Amino acid sequence: MSDINAIGLHESSASQLAEKLNELLANYQIFYMNVRGYHWNVKGPQFFELHTKFEEFYTDLLTKVDEVAERILTLGHQPVHAYSDYTQLSRIAEEKHVHDGEACVRGVLKGYQTLIELQREILSLASDADDEGTAAQAGDYIREQEKTVWMLNAYLG
Ligand SMILES: [Fe+2]
């Protein structure tokens, strides 16, 4: 059995990256559900503004859930797809009983900061493994989400 996978990466690196990407996937899934919770349950004078904004965030998170899972498959591994695994693997905790607009925005901010942190770890691993595909994906997400962090902080004043 060859040590090189279908896209020319060492199997040991691909397997290490896939494991880390599964951790990232778990965080995206839990965060996605948290943001849906904010979208549904937020109350107060900023309801219309926040309800719409949270939909924009969770729609983007869902797109990235699929892209991360398909990157794991591209590396020759299997994406985890059970919520029981996600809760075990995720650094982002599930949130319940959320209503306050500012608390919801802080939850979004914290979630994006955690994703950025994890993606930096993946970027570093991918660079060491000469895995430009995974590194580029992580880099794109980091750049986008750093801008979102700036905007969320601006909103919070
Ligand atoms: Fe909705």
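Anything mentioned here points back to the structure above.
In short, a report on the structure.

### Topic: the nonpolar core
Stage number 1. One finds V35, F54, V108 and Y112 to be the most contacted residues of the largest nonpolar core, which totals 47 residues.
Stage number 2. With 13 residues, helix 1 (residues 11-41) is the single largest residue contributor to this core.
Stage number 3. Look past the residues within four positions of V35 in its chain and what remains in contact with it is F54, F57, Y58, L61 and V108.

### Quick word on the side chain of Q137
Stage number 1. Tracing the backbone shows Q137 in helix 5 (residues 132-156).
Stage number 2. With sequence-adjacent residues up to four places away left out, Q137 is seen in contact with E67, V68 and R71.

### Regarding the layout of surface pockets
Over the atoms rolls a probe the size of a water molecule, and in doing so it shows where empty space is left.
Stage number 1. What the largest pocket holds in volume is close to 310 Å³.
Stage number 2. Lining the largest pocket we find 16 residues, and of these K53, E56, F57, T148 and M151 sit closest to its centre.
Stage number 3. At 8 residues, helix 2 (residues 47-74) tops the list of elements feeding residues into the lining of the largest pocket.
Stage number 4. Grouping the constituent residues of the lining of the largest pocket by class yields 8 nonpolar, 2 polar and 6 charged.
Stage number 5. The space that makes up the second largest pocket amounts to roughly 160 Å³.
Stage number 6. Within the residue set of the lining of the second largest pocket, elements represented by two or more residues are helix 1 and helix 4 (101-128).
Stage number 7. With 5 residues, helix 4 is the largest single contributor of residues to the lining of the second largest pocket.

### Regarding the packing of helix 2 against helix 5
Stage number 1. In the contact formed by helix 2 and helix 5, the axes pass within 12 Å of each other and the chain directions differ by 165°. One element, helix 2, and the other, helix 5, form an angle in the roughly antiparallel class. Relative to helix 5, the crossing made by helix 2 is left-handed. Contacts between helix 2 and helix 5 involve E49, L50, F57, D60, K64, E67, V68 and R71 on the former and, on the latter, G133, T134, Q137, Y141, E144, Q145, T148, L152 and Y155.
Stage number 2. A class-by-class count of the residues in the contact of helix 2 with helix 5 yields 6 nonpolar, 5 polar and 6 charged.

### Here's the deal with the pattern of salt bridges
Stage number 1. Within this structure, the stated rule accounts for 12 salt bridges.
Stage number 2. Where E23 meets K20, a salt bridge forms, and the shortest distance between an N and an O atom there is 3.4 Å. Taken together, the residues span about one helical turn, with E23 and K20 both in helix 1 at a distance of 3 residues. Comparing E23 with K20, the two get one shared label, buried.
Stage number 3. Residues joined in a network through salt bridges with shared partners are K20, E23, R91, E117 and E121.

### Describing helix 2
Stage number 1. With 28 residues, helix 2 ought to run about 40 Å at 1.5 Å a step, and its terminal C-alpha atoms sit 40 Å apart, in line with that.
Stage number 2. Those residues of helix 2 that sit buried are L50, F54, F57, Y58, L61, K64, V65, V68, A69, R71 and I72.
Stage number 3. The elements touched by buried residues of helix 2 are helix 1, helix 4 and helix 5.
Stage number 4. Looking one or two residues beyond helix 2, the residue adopting positive phi is G76, at roughly 95°.

Reading the values: rules and limits
- Within each chain, residue numbers correspond to sequence positions counted from 1 in written order.
- Owing to the predicted nature of the model, reporting of local features is limited to residues with pLDDT of at least 70; listing and counting of side-chain atom pairs is limited to 80 or more, with chain, interface and lining totals taken over all residues.
- As a rule here, side-chain values come from all non-hydrogen atoms in the structure, and water together with hydrogens is ignored.
- For our purposes a nonpolar core is just a set of buried Ala, Val, Leu, Ile, Met, Phe, Trp, Tyr and Cys residues, chained together by side-chain atoms within 4.5 Å.
- Relative accessibility thresholds used throughout: buried, under 20% of the residue-type maximum; exposed, over 50%; partly exposed, between the two (1.4 Å probe, protein chains only).
- By definition, any uninterrupted DSSP run of H or I lasting at least four residues is a helix, any uninterrupted run of E lasting at least two residues is a strand, and each is numbered from the N terminus.
- Should any heavy atoms of two residues lie within 4.5 Å, those residues are considered in contact.
- Any residue with an atom within 4 Å of a point lines the site, the site being either a cavity, points on a 1 Å grid over the protein atoms alone where a 1.4 Å probe fits but cannot get out, or a pocket, an open set with protein on both sides within 12 Å along at least 5 of 7 lines.
- Grid points are joined across faces, edges and corners, and a volume is the space filled by probe spheres set on the points.
- Each residue gets one of three labels, nonpolar for Ala, Val, Leu, Ile, Met, Phe, Trp, Tyr, Cys and Pro, charged for Asp, Glu, Lys and Arg, and polar for the others, Gly among them.
- Orientation is described by lines fitted to C-alpha atoms, with helices fitted over the stretch in contact, and by angles between N-to-C directions that extend from 0 to 180 degrees.
- The cut-offs work like this: below 35 degrees is roughly parallel, past 145 is roughly antiparallel, 65 to 115 is roughly perpendicular, and the gaps in between are oblique.
- Crossings are assigned a handedness: left-handed for a near helix turned anticlockwise from the far helix by less than a right angle, right-handed for a clockwise turn.
- Within this document, salt bridges are pairs made up of a side-chain nitrogen of Lys or Arg and a carboxyl oxygen of Asp or Glu, the two lying within 4 Å of each other.
- By definition here, a helix of n residues has an expected span of 1.5 Å times n minus one.

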